[in-house]
2 protein chains.
Amino acid sequence: MATIYDVAKAAGVSPKTVSRVMNGDAPVNQATREAVERAMATLNYVPSSAARTMRSQRSGLIGMITGAISTTHQFEDAGLPEIYLVQGAQRVIDQSNRTLLIADSGGQAERIPTLLQTFREHRVEGILYVAEYHREVTLPDSLRDLPIVLVNCFDADGTPCILPDDEGGQFALVDGLIRRGHQRIAYLTLPEHQAACSLRVAGYRRAHAHHGIAVDERLVQVGALPSPTHEYDLLWDALDRVLKAEPTVICCANDKMAMRVYGLLRDRGVAIPQQMSVAGYDDYRMIAEHLHPGLTSAELPYAAMGARAADKLLRLINGTPKSGEPSRELVSAPVAWRDSVLTRDGNVTQLNSRRRET
Amino acid sequence: MATIYDVAKAAGVSPKTVSRVMNGDAPVNQATREAVERAMATLNYVPSSAARTMRSQRSGLIGMITGAISTTHQFEDAGLPEIYLVQGAQRVIDQSNRTLLIADSGGQAERIPTLLQTFREHRVEGILYVAEYHREVTLPDSLRDLPIVLVNCFDADGTPCILPDDEGGQFALVDGLIRRGHQRIAYLTLPEHQAACSLRVAGYRRAHAHHGIAVDERLVQVGALPSPTHEYDLLWDALDRVLKAEPTVICCANDKMAMRVYGLLRDRGVAIPQQMSVAGYDDYRMIAEHLHPGLTSAELPYAAMGARAADKLLRLINGTPKSGEPSRELVSAPVAWRDSVLTRDGNVTQLNSRRRET
DNA sequence: CGATGTCATGACATCGGTGTCATGAATGAA
DNA sequence: TTCATTCATGACACCGATGTCATGACATCG
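Attention here is on the structure that accompanies the text. Since we're looking at a predicted model, the values are computed, not measured. (Residues numbered from 1 in each chain as written. Chains lettered and ligands numbered in written order. Predicted model: local features only at pLDDT ≥ 70, side-chain atom pairs only at ≥ 80, totals over all residues. Heavy atoms only, no water.)

**Some thoughts on the nonpolar core**
Buried together is how nonpolar side chains tend to be arranged in soluble globular proteins.
And then number 1: Ranked by size, the top nonpolar core spans 147 residues in total, and within it Ile250 and Leu265 of chain A together with Leu128 of chain B carry the most contacts.
And then number 2: Not counting residues within four places of it along the chain, the set of residues in contact with Leu265 of chain A comprises Leu239, Leu243, Ile250, Val270, Ile272, Met276 and Val278 of chain A.
And then number 3: Formed by 46 residues, the second largest nonpolar core is a distinct cluster that contains Leu115, Tyr129 and Leu146 of chain A together with Val137 of chain B. (Core = buried A, V, L, I, M, F, W, Y, C linked by side-chain atoms within 4.5 Å. Buried < 20%, exposed > 50% of the residue type's maximum accessible area, 1.4 Å probe, protein only. Contact = heavy atoms within 4.5 Å.)

Dropping the structure here:
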């Protein structure tokens, strides 16, 4: 592998001049520059980031730690759309001429110290700490000395974080339902004590308040997803209870639940959306676009969150936070309206024309 | 940040001895070792991988390039389960005391040269080149000089690769259907010219041949998924044609299509699985486990492929390929049998008991 | 015309580890 | 006892960049 010395010799200049050509940190004669560039091309020269890091004490690496805090999800694949987070963050980080180093703990919390050790050895300049679902976390003390941004999670110490606007998203969805003529809107929540769940329910309630509609509490029920501990029946029962309150639309805590509700409703001979509209949350396109009819869902904006988090972290590293920048930032996203929701126009009901949001 | 010199001074030894304690490459007196370890702990010493890389000419980095070859998938999120690939590969790579460097092109092929340049600057020891779906690729010449393993793709030059056993998986699924009493098995393929599609159809045919059943060609139809170019109707029509041939089960080219088929069948008042069994392919658990009833599907073993690929790459790097190791390796996986498939016992039909495969 | 400044370049040290070789002490074999 | 090994350790150079400082050639200014 060619070094800067080889290039210097081939171009008949000193290594330092080659360095100057690469970094543009001092004027270089045009002819010299061209000679150096030719030599670099001929020798297929690629500078060594190790050497550069050593001398400059800047690694140009950002560490991302994902699946970090799982309580052994043997069943859940909640973290799956994290790939979008990675893409969002990577775009921003590449622009700052840095490289993203990703460590996935695969849900094994005990591996985290090892991964952090690796990050430290590589002298990462900052860390993005990603949770698989919106929740509170407690950071290990060993992280205190590095610039860090939490993504999809927050802690009690006010560490900078980027969160999805679950309350606002659910508000927008339910607001849209009401504007489309729905008055009796059911909500199936999850039993878990997740931040996302309670925020979404809060958004549901605020939308009702906003339109001056009282919430019939029979319309709000706790469902569940299949898991080793609770059986399907929980959702079946919740659906049963909620149907007694005669809703025209059922909002589900997430897309997975909505997918099950499709099946359960149809088992009862209820046509979607003619007899019952359904909405989800997350807008996992793999689900929402491919269900029939297409599922209306509030987007969980992973890509945007990744980008925002990277942006915030870079400012932390550079010591240039915007003045008055809050430590906690919410990321909103539009609702994707699809055919699972019927517009109720007075007594007449009509199908939405099929549309996609970009 | 403490260096090896600081540790050496604190422990009253030479830097080289500290190095020996860390690497265990030469005997060190027990008392000395403990003194050094105390000093490292006190100073919070973390060795610099940059310095180590520079001296030893081994970076300990493996590059993975994903979403590498997309033809701008504005619509597809095919690459989503790649996260499993990452986890599989990372597990193996960590064990070899190396670190995985991931670059995601986000489907923008023009970004690949930049990403490769970054890999080179970091002196990665080898590359995992991941395609989002099983296909043939052509490698840029600039990759020729690095150990490389293709994942989920192959090229014309016989570059080492890891592929899913689509033919075998579909064979196992259809074989299982026949053993469960099905004789008229429909197959909905995709119009795309993907390696996966034709292999799966081949497996379908081989299973029939294996049991001496002739394939009624009306049972094999080309469907499609929603996209900007073809409308839903394509799948509707295909389903229409296939139903005329009176199947007892419909196999779909993948889980997304199966999800749509659930909706389309139910629109026609066909109960799943009582009146029609359905099977998918990929076993995206986000879909297969949460559909109601649970979707029977052949697993696309991403995690295992990631692990196998990493393993193969490490052997390439170490120059210790197993003797007679084929350059192309297929990874098989079991079929996940769920409630969407009815067992037809003579004239009597029965539901599978609900079960999960681990 | 001499002083000063800018341009273009090179010599040299340095970042933090590890490979090589040397050295002295202890141990075992002849 | 003496020579050969093994053990335990240190001195020193080196990996490949870049920061600092020095230098010579011109250009500019008063």
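There is more to say after this.
**Regarding the packing of helix α1 (residues 4-11) of chain A against helix α2 (residues 15-23) of chain A**
Residues and elements named next belong to chain A.
And then number 1: Where α1 contacts α2, the axes come no closer than 8 Å and their chain directions differ by 100 degrees. The angle between α1 and α2 places the two elements in the roughly perpendicular class. Residues Ile4, Tyr5, Val7 and Ala8 of α1 touch α2, and the partners they reach there are Pro15, Val18, Ser19 and Met22.
And then number 2: For the contact of α1 with α2, a count of residues per class yields 7 nonpolar, 1 polar and no charged. (Axes fitted to C-alpha atoms, helices over the stretch in contact; angles between N-to-C directions. Helix = DSSP H or I, 4+ residues; strand = E, 2+ residues; numbered from the N terminus. Parallel < 35°, antiparallel > 145°, perpendicular 65-115°, else oblique. Nonpolar A, V, L, I, M, F, W, Y, C, P; charged D, E, K, R; others polar.)

**What about the protein's contact with DNA strand D?**
And then number 1: Taken together, 26 residues surround DNA strand D, and among them Ile4 and Ser19 of chain A together with Thr17, Arg20 and Thr32 of chain B come closest.
And then number 2: Near the protein, meaning within 4 Å, the atoms of DNA strand D are sugar or phosphate in a fraction of 52%, with bases accounting for the rest.
And then number 3: In the model, a phosphate oxygen of DNA strand D is placed 2.3 Å from a nitrogen or oxygen of the Thr32 of chain B side chain.
And then number 4: Residue Gln57 of chain B places a side-chain N or O atom 3.4 Å away from a phosphate oxygen belonging to DNA strand D.
And then number 5: Counting only elements with at least two residues in the surface near DNA strand D, the list comes to α1, α2 and α4 (49-56) of chain A together with α2 (15-23) and α4 (49-56) of chain B.
And then number 6: Looking at the surface near DNA strand D, the element that brings in the most residues is α2 of chain A, giving 4 residues.
And then number 7: For the surface near DNA strand D, the residue count by class is 10 nonpolar, 9 polar and 7 charged. (Near = heavy atom within 4 Å. Polar contact = N/O pair within 3.5 Å; in protein donor to acceptor, adjacent residues only side chain to side chain.)

**Focus: the pattern of salt bridges**
And then number 1: Tallied over the full model, the rule gives 44 salt bridges over all chains.
And then number 2: Here Asp267 of chain B and Arg266 of chain A are joined by a salt bridge, their closest N and O atoms 3.8 Å apart. In this pair, Asp267 of chain B sits in helix α10 (residues 255-267) while Arg266 of chain A sits in helix α10 (residues 255-267), so the two residues belong to two different chains.
And then number 3: Overall, Arg266 of chain A belongs to the buried group, its relative accessible area being 12%. (Salt bridge = Lys/Arg side-chain N within 4 Å of Asp/Glu carboxyl O.)

**Focus on the pairing of strand β9 (residues 277-282) of chain B**
Residues and elements named next belong to chain B.
And then number 1: Among the 6 residues that make up β9, 6 are buried, leaving the element largely enclosed by the rest of the structure.
And then number 2: Examined bridge by bridge, strand β8 (residues 249-252) and β9 share 3 bridges and lie parallel to one another. Each residue of the ladder has a partner; that of Ile250, found in β9, is Val278.
And then number 3: Considered for its hand, the β-α-β crossover made up of β8, α10 and β9 is right-handed. (Pairing = 2+ DSSP bridges. Right-handed = clockwise from strand over helix to strand, strands pointing away.)

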